[in-house]
Amino acid sequence: MTPPVPHRRALWALATTTALAILTGGLTATATTAEAAAVGAGSYTTDRVGPLPAGCGDLSTNPRRFATANAPAGPIPTNDWWSSLLWKKTNCAYSEPLHAHPLSYRTFGDGLGFSATSTPTVTGTATGVGEYRYAYAEDFRVGVAGLGAPVVEVDDWTDWTVSPYWSDGTRTMRATIGHGLPFTYFQTSGGQATINPTAGTPTIWSQSGPTIGFRVNGHDYVAYAPTGATWTVTGGRITSTLAGKGYFSIALLPTTANTDTRATLATSYGRYAHAHVTGTRVSYSYDQARSRVTTTYSLTTTRKEGTAAQTVVGLYPHQWKALTGATPLGQSYPSPRGRMKILTGVTEFRTSMAFHGVLPELPAVGTGTGADLARLREQLATVRGNPMDARGADTYWTGKGLGRAARIAEIADLVGDTQTRTAALNAIRGTLTDWFTATPGKTSRVFYYDRDWGTLIGYPASYGSDQELNDHHFHYGYFIAAAATLAKFDPAWASPAQYGGMVDLLIRDANNYRRTDARFPYLRDFDIYAGHDWASGHGSFHAGNNQESSSEGMNFASALIQWGQATGDTAVRDAGVFLYTTQAAAIREYWFDADDENFPATFGHATVGMVWGDGAAYATWFSAEPEMIQGINMLPVTGGHLYLGHDPAYNRTNHAELVRNNGGPPTVWQDIHWQFLALGDPDAALADLRANPGYTPEEGESRAHTWHWIRNLAALGQVDTGVTADHPLAAVFTRDGARTYVASNITAAPLTVTFSDGTRLTVAAGRTATTGAHTWSGGGANGGVAPSPTSPSPTPTGSTPPSASPTRHLLPGGGLGAAGIRSTATVAGTGGANHDGTPHNPLVFTSTGLTMAYTGGQTAFDLFLDAGPAVGNGVQARISYDLTGDGTVDRVETYRYFATDPLPGYEHYTQSAGLLSSTGSPGNLSNGTVKLEVWSAIGANPTTLGIGDQSLVRLPYA
């Protein structure tokens with residue numbers, strides 16, 4: 001679908017200068033003297049600067065033009081699935097189709113149309129632009145006999161429902177529709193309720209008193225009138241006087257060929273037919289200690305009759321896959337998002353999702369020393385004079401430039417390049433301060449607050465961010481992310497007394513996280529039930545609303561986490577965690593279909609560029625090139641986008657499709673695709689980068705960041721979602737069976753992060769640190785740049801032996817595998833405490849995926865230890881067996897510590913020291929995991945451990 005005026009990047013890089021000149025000229029012509037409203041040291045203008053949102057009639061100055069007097073007070077919600085009903089842009093009387101799922105609706109003068117399209121239409125090719133649609137195809141229309149409303153208004157809205165309202169002066173009708181609601185609820189006056197067929201005569205399969213079941217277009221519905229009422233069928237038209245009570249409901253049933261099942265469902269649904277849903281509300285909580293987000297979806301009902309107060313709901317895949325405490329029915333509904341599973345007899349349900357953390361940037365474990373560091377420093381020096389490299393002056397392109405500078409500042413900080421870091425931070429500070437300052441007569445690089453619309457618009461605007469309120473989360477996410485980086489190094493600038501309040505206004509405009517703040521609608525851009533953002537402010541398309549760049553939406557969510565963490569605002573941070581975790585799950589399902597369950601089988605694509613209300617498209621607003629269709633849901637690549645690597649196999653699948661559809665490797669946006677591939681196959685991505693040194697960076701990227709990202713993932717490996725942390729700025733990576741734990745501390749005090757597998761990582765103030773495969777610390781936020789790391793652990797060498805090999809050497813990367821290059825590791829001292837029997841700051845060596853038969857006997861080991869001249873040291877070992885790799889430890893062996901002598905030279909600590917304790921029973925390994933922990937039980941001084949081709953463990957397996 002190509003709209004007459006694209007609302008996204010109409011021409012990604014072409015004609016930007018010309019378009020900007022036209023837009024700026026228009027702004028100058030309409031500008032008035034600005035009146036500044038102070039927010040700390042910052043300000044915005046309350047006088048009109050440029051074009052306002054546009055629509056039918058006086059909508060530009062009266063956004064409530066199509067809301068009734070009963071509608072909720074405050075700013076109108078925009079960017080929703082039903083926005084075309086309230087914001088009438090193309091249909092000035094009624095609306096475009098409203099895709100609620102499992103039903104779609106459309107308003108007309110004589111009533112509400114129903115569509116339950118169950119078979120998608122697929123167009124295009126499997127290697128080129130294509131789309132699938134569950135397009136609106138009307139089954140029937142519900143109204144009041146004789147109804148002829150000149151316009152349909154909105155009488156109410158809640159978190160995921162809306163109530164359209166009809167009146168022609170004699171007859172009225174009010175309906176309530178919503179995401180996940182198989183029921184549609186009606187209140188009428190002035191005539192008989194009517195169900196008018198528009199797709200052929202319905203087949204009546206059940207009729208008894210106030211209940212009638214009928215089939216249209218292969219879809220089964222049941223209409224429930226009040227007690228004492230009946231339905232009359234005349235020529236396919238179904239009517240009822242409703243016994244003068246003026247209410248009824250219609251339910252869509254899961255389609256089944258089994259007559260008994262259909263009748264059972266009709267009876268089951270009938271229990272809740274007169275508990276009309278009158279409100280919906282989401283609440284969420286972030287359990288930092290467990291790193292989980294619990295979301296509660298609540299429904300309020302009003303009983304029209306009967307005793308039941310519960311209802312029936314349909315859950316999207318991202319919801320039912322994370323559902324807790326409830327069991328769906330065996331039946332389901334088809335939808336553009338995949339199967340919707342059904343819960344009956346509920347007024348709320350909950351989901352629980354793991355939050356896997358974000359990072360300001362990847363640690364410099366691979367680019368922190370030697371030739372790799374020299375290359376990075378050279379690339380940083382190249383961009384030092386122009387860290388933003390902004391391609392335009394509007395909110396979007398300024399944001400892209402800010403995002404580029406933030407990446408450069410973070411990397412420069414990690415490797416001790418104070419000059420480049422300062423240049424990048426100065427560029428961010430100067431740009432943001434300029435935009436956050438409104439002065440009399442200023443018409444560019446300024447924000448305007450419109451009280452009627454409840455929105456903050458930046459001028460120069462772009463891609464409809466002013467007249468259509470499009471993309472505010474895309475544009476402002478870059479501003480907020482850059483502010484979060486600046487806040488780490490210049491906390492005074494980020495304080496409420498300075499410019500922190502302006503950042504908070506941008507957050508609240510795009511996704512207001514406080515219901516009590518009446519300046520902006522609650523979560524404007526985020527569809528609470530669908531689990532993702534919508535980009536169009538008005539949503540006035542036949543296909544409903546749409547979103548292209550899900551990754552730029554995630555840039556906004558990640559920015560909230562990091563801004564909230566940097567400023568100590570837990571409400572902002574937790575809102576960001578909720579948005580991030582929920583949307584990561586939705587993207588996996590609806591943009592990537594990683595489980596291959598939701599896209600139609602004939603679609604042929606493993607990814608889409610755009611999600612629409614009624615389907616999705618392998619396309620963009622601005623390009624038909626596969627690199628851009630797929631890449632638009634990858635950029636910008638930041639430490640906040642680790643969710644893109646939660647399923648490494650999918651990264652490889654996505655990249656393979658790109659190569660296939662493109663007829664070869666990418667030729668544009670190569671850096672974006674290599675960075676995405678690096679999350680699934682870092683070695684292949686690094687090879688591609690090395691083989692193409694002359695590539696052209698994407699507009700928001702730099703060579704320094706691309707090199708840093710790919711080179712460090714080649715050392716770290718893949719994102720490990722099997723472990724979480726009790727700190728939001730933390731992540732875990734796995735390479736060759738060895739884990740690297742990473743955490744970033746942006747505060748002025750030391751921090752200890754505990755991971756869910758028991759690993760603890762102490763991080764100095766203002767540092768990013770790692771442990772496990774790479775023990776490293778770097779970065780100097782809040783306290784000056786740390787010195788460049790001089791001796792990070794090398795990239796793991798040697799390969800993991802076949803799973804049948806019982807002899808496992810301790811490797812520099814933290815693995816247990818084939819003998820590697822000789823090296824050493826340091827067992828930290830105790831700090832004066834006694835840790836006999838309990839691991840403290842241990843070195844951890846792990847081997848996973850082991851399938852071997854237990855042969856009996858005990859574990860053997862030979863650890864090379866040298867305490868030098870230190871007196872009183874004792875090193876201890878513990879070996880743990882997870883026999884099936886399910887995360888449950890089945891056998892633990894703790895050995896007595898080995899007292900080293902104060903003479904130079906290795907000593908051998910073996911199993912002959914004897915067991916101190918053991919738990920569990922040995923058994924066969926089936927995809928199992930073995931972990932060795934080595935620590936100081938006594939002695940304040942460190943001990944050297946010889947690894948690589950020296951220390952080893954012999955497992956009692958064959």
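Notes on the structure follow. (Residues numbered from 1 in each chain as written. Predicted model: local features only at pLDDT ≥ 70, side-chain atom pairs only at ≥ 80, totals over all residues. Heavy atoms only, no water.)

### Description of the overall build of the protein
A tally of helices and strands in the protein yields 16 helices and 53 strands. For 958 residues, the compact-globule formula gives about 30 Å, and the C-alpha radius of gyration of the protein, at 31 Å, lands near that figure. Taken over the C-alpha atoms alone, the protein extends approximately 100 × 70 × 50 Å along its principal axes. Relative to its 958 residues, the protein shows a buried fraction of 61%. Within the protein, residue pairs in contact and separated by at least 24 positions form 69% of the contacts whose partners lie at least 6 positions apart. Surface summary for the protein: the accessible area is close to 31000 Å², and the carbon and sulfur share equals 50%. (Helix = DSSP H or I, 4+ residues; strand = E, 2+ residues; numbered from the N terminus. Rg over C-alpha atoms; globule rule 2.2 N^0.38 Å. Buried < 20%, exposed > 50% of the residue type's maximum accessible area, 1.4 Å probe, protein only. Contact = heavy atoms within 4.5 Å. Areas by Shrake-Rupley, 256 points an atom, 1.4 Å probe, with all protein chains shown as cover.)

### Points about the side chain of Thr-184
The residue Thr-184 is located in strand 12 (residues 183-189) in this model. Under the relative-accessibility criterion, Thr-184 is labelled buried at 0%. At 2.6 Å, the side chain of Thr-184 forms a polar contact with the side chain of Tyr-105. (Polar contact = N/O pair within 3.5 Å; in protein donor to acceptor, adjacent residues only side chain to side chain.)

### A few points about the side chain of Glu-96
Along the chain, the position of Glu-96 falls in the loop between helix 2 (83-86) and strand 3 (98-99). Residue class for Glu-96 comes out buried when judged on its relative accessible area of 11%. Side-chain polar atoms of Glu-96 contact the side chain of Thr-90, separated by 2.7 Å. The residues touching Glu-96, leaving out its near neighbours within four places in the chain, are Ser-84, Thr-90, Asn-91, Tyr-105, Arg-106, Ser-540, Phe-541 and His-542.

### Some details on the pattern of salt bridges
Close approach of charged atoms allows side chains of opposite charge to pair. For the structure shown, the criterion picks out 43 salt bridges. The partner of Asp-155 in a salt bridge is Arg-174, with the nearest N and O atoms 2.7 Å apart. With Asp-155 in strand 9 (residues 153-157) and Arg-174 in strand 11 (residues 172-178), this pair connects stretches of sequence that are 19 residues apart. Neither Asp-155 nor Arg-174 differs from the other in exposure class; each is buried. Asp-220 is paired through a salt bridge with Arg-215; the nearest N and O atoms lie 2.7 Å apart. (Salt bridge = Lys/Arg side-chain N within 4 Å of Asp/Glu carboxyl O.)

### Considerations on the packing of helix 14 (residues 670-678) against helix 16 (residues 703-716)
It is the contact of helix 14 with helix 16, at a shortest axis distance of 9 Å, that shows an interaxial angle of 20°. Judged by the inter-axis angle, helix 14 sits roughly parallel to helix 16. The handedness of the crossing between helix 14 and helix 16 comes out as left-handed. Between helix 14, through Asp-671, Trp-674, Gln-675 and Ala-678, and helix 16, the contact on the second element is made entirely by His-705, Thr-706, Trp-709, Ile-710 and Leu-713. Grouping the constituent residues of the contact of helix 14 with helix 16 by class yields 5 nonpolar, 3 polar and 1 charged. (Axes fitted to C-alpha atoms, helices over the stretch in contact; angles between N-to-C directions. Parallel < 35°, antiparallel > 145°, perpendicular 65-115°, else oblique. Left-handed = near helix turned anticlockwise from the far one by under 90°. Nonpolar A, V, L, I, M, F, W, Y, C, P; charged D, E, K, R; others polar.)

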